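# Observations on the three-dimensional arrangement
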Amino acid sequence: MIAAALDRNGGHALRNEHTAPNDHALLWISDMVAWCCYKGGEWHRRVLPMIAGIRTLAP
């Protein structure tokens, strides 16, 4: 599905690679922010300064 969408929009090369968690250390930041937003309440309030914008996508 993702590859088909990329093909329809310019045909970008797509590569899937499994790596060790420490190979891309900064990725945990986005995971942490997403988790806090999901949990809501105090967790969401605490990460709001880290969020530049929120975009709601149509299903």
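Model, not experiment: these values are computed from the prediction.

## Examining the overall build of the protein
Each helix and strand in the protein was counted, giving three helices and zero strands. Going from the N terminus to the C terminus, the protein shows its helices and strands as α-α-α. When the 59 residues of the protein are sorted by exposure, 7% land in the buried category. Accessible area for the protein stands at about 5800 Å²; split by element, carbon and sulfur atoms hold 60% of it.

## A word on the confidence of the model for the protein
Here the protein shows a mean pLDDT of 83. Residues at 70 or above account for 83%. For the protein, per-element mean pLDDT is lowest for helix 1 (residues 2-8), which scores 71, and highest for helix 3 (residues 41-47), which scores 96.

## Considerations on the pattern of salt bridges
Counting across every chain of the model gives two salt bridges. Here Glu-42 and Arg-45 are joined by a salt bridge, their closest N and O atoms 2.5 Å apart. Separated by three residues within a single helix, Glu-42 and Arg-45 lie in helix 3, roughly one turn from each other. Ionic pairing is found between Arg-46 and Glu-42, a salt bridge with its closest N-O pair at 3.0 Å. In this pair, Arg-46 and Glu-42 are both assigned in helix 3, four residues apart and thus about one turn of the helix distant. Overall, the relative accessible area of 56% leaves Arg-46 in the exposed class. Judged by relative accessible area, which is 39%, Glu-42 ranks as partly exposed.

## A word on helix 2 (residues 27-39)
With 13 residues, helix 2 extends 19 Å from end C-alpha to end C-alpha; this agrees with the ideal 18 Å at 1.5 Å per step. One or two steps after helix 2, the chain reaches Gly-40, where phi turns positive at roughly 75 degrees.

## Remarks on a nonpolar patch on the surface
A contiguous nonpolar patch, built from Leu-26, Trp-28 and Ile-29 and spanning about 350 Å² of accessible area, is present on the exposed surface. Here Ile-29 shows up in helix 2.

Cut-offs and rules
Residues numbered from 1 in each chain as written. Predicted model: local features only at pLDDT ≥ 70, side-chain atom pairs only at ≥ 80, totals over all residues. Heavy atoms only, no water. Helix = DSSP H or I, 4+ residues; strand = E, 2+ residues; numbered from the N terminus. Buried < 20%, exposed > 50% of the residue type's maximum accessible area, 1.4 Å probe, protein only. Areas by Shrake-Rupley, 256 points an atom, 1.4 Å probe, with all protein chains shown as cover. pLDDT = per-residue confidence, 0-100. Salt bridge = Lys/Arg side-chain N within 4 Å of Asp/Glu carboxyl O. Expected span 1.5 Å × (residues − 1). Patch = residues over 30% accessible without salt bridge, like charges linked within 9 Å, V, L, I, M, F, W, Y side chains within 5 Å.

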